[in-house]
Amino acid sequence: MKLQNTYASRNRHGAFTMVETLMVVSTSLLVIGVILGSHLYGLRVSSRIGVKLNASDDARQAVSRLIQDIRSAKSMRIGSGSETGFTNAAANGLQNGDAIQIYSSLADTNSWVRYFYDAADHSLKRTVNGAPAALVTANSITNSYPIFTQQNYLGRTLTNRTPVGVIEVNLSFTQLRNPLVKIGPGNYFDFYQIQTRI
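Numbering of residues starts from 1 in each chain and follows the order in which that chain's sequence is written. Totals for whole chains, interfaces and linings use every residue, but because this is a predicted model, local features are given only for residues with pLDDT of at least 70 and side-chain atom pairs only at 80 or more, for both listing and counting. Where side-chain values are given, they derive from all heavy atoms of the structure, hydrogens and water being excluded.

Peer 1: Where do I start with the overall build of the protein chain in this structure?
Peer 2: Secondary structure elements are taken from DSSP: a helix is a run of H or I of four residues or more, a strand is a run of E of two residues or more, and numbering for both begins at the N terminus. In terms of helices and strands, the protein chain carries 2 helices and 10 strands. If you list the helices and strands of the protein chain from N to C, you get α-α-β-β-β-β-β-β-β-β-β-β. Taken over 198 residues, the protein chain has a buried fraction of 33%. Contacts in the protein chain between residues far apart in sequence, at least 24 positions, make up 54% of those at least 6 positions apart. Every accessible area reported is derived by Shrake-Rupley at a probe size of 1.4 Å, with residue values counting cover from the shown protein chains alone. Summed over all atoms, the accessible surface of the protein chain reaches about 12700 Å², with 58% contributed by carbon and sulfur. Only protein chains enter the accessibility calculation, which uses a 1.4 Å probe; a residue whose area is less than 20% of its type maximum is buried, one above 50% is exposed, and one in between is partly exposed. Should any heavy atoms of two residues lie within 4.5 Å, those residues are counted as being in contact.

Written out as structure tokens, the structure reads:
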């Protein structure tokens, strides 16, 4: 008889009480919630970083061709332009504008490359003499003037024309590969700027 009571008391104390079960369930839910919250936060951060990396890559691609063209120039002019024409900045005025025309030869002025801001679609475009159409280099440009500035080696904007010099390029843009991705509270962080001197 004594043996049976021990067995019965062992069974009575081996089960979880309702309070213990509720504690285990609530602790488990809390741990799962923290893990799930951390995972969702990681996905949001990854999405933001991906958008910023894509925008940086687009900016690098846009500027790398421009840098290559400017570095290989024999002479260049800054002013205002479009796909069909180019006007130099005033001879004794500030040498800045929304377009740059780059010449690969001093003798042949018919061999040129032109970068210009197109206000119709807010893009920076590149065209070559004789090309059927201009190609888009950068989209969603928010600054129109001056994109290009010719400077001396100290960083001062020139007021006279020179065939070569330091070219400062300023591009502000809001380009996103996926415009449905919302970045930051109020979406304030979709603005990018490139400023380089060549």
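Peer 1: Sorry if this is basic, but what is going on with the sheet that holds strand S2 (residues 86–88) here?
Peer 2: Strand pairs in the sheet, formed through backbone hydrogen bonds, run parallel or antiparallel to each other. Strands sit in the order S2-S1-S4-S5-S6-S7 across an open sheet of 6 strands; the sheet is antiparallel. Because the sheet does not close on itself, it has two edges, and the strands there are S2 and strand S7 (135–138). Averaged over all pairs of adjacent strands, the angle between their axes in this sheet comes to 35°, without regard to strand direction. The pairing of strand S5 (residues 112–118) with strand S6 (residues 123–128) spans 6 bridges and is antiparallel. Pairing of tyrosine 115 across the sheet is with arginine 126, part of S6. A pair of strands counts as paired when DSSP detects no fewer than two bridges linking them. The angle between two axes is taken between their N-to-C directions and runs from 0 to 180 degrees, where each axis is a line fitted to C-alpha atoms and a helix contributes only its stretch in contact.

Peer 1: Would you explain the nonpolar core in this entry?
Peer 2: What we call a nonpolar core is a set of buried Ala, Val, Leu, Ile, Met, Phe, Trp, Tyr and Cys residues that are connected through their side-chain atoms within 4.5 Å. Ranked by internal contacts, the top residues of the largest apolar core, which has 26 residues, are Ile70, Ile100, Ile141, Phe148, Ile167, Val169 and Leu171. Within the residue set of this core, elements represented by two or more residues are helix H2 (18–71), strand S1 (75–81), strand S4 (99–103), S5, strand S9 (166–173) and strand S10 (192–197). Once residues within four sequence positions are removed from consideration, isoleucine 167 is found in contact with Ile70, Met76, Ile78, Ile100, Phe148, Thr149, Gln150, Thr196, Arg197 and Ile198.

Peer 1: Sorry if this is basic, but what is going on with the side chain of asparagine 143 here?
Peer 2: Along the chain, asparagine 143 turns up in the loop between S7 and strand S8 (148–151). Definition of a polar contact: a pair of N or O atoms within 3.5 Å, with one able to donate and the other able to accept a hydrogen when the atoms are protein atoms, and with sequence-neighbouring residues admitted only if both atoms are side-chain atoms. Side-chain polar atoms of asparagine 143 contact the backbone oxygen of asparagine 170, separated by 2.9 Å. In this structure the side chain of asparagine 143 is engaged in a polar contact, spanning 2.9 Å, whose partner is the backbone nitrogen of serine 172. Every residue in contact with asparagine 143, bar those within four places of it in the chain, is listed here: Tyr117, Asn170, Leu171 and Ser172.

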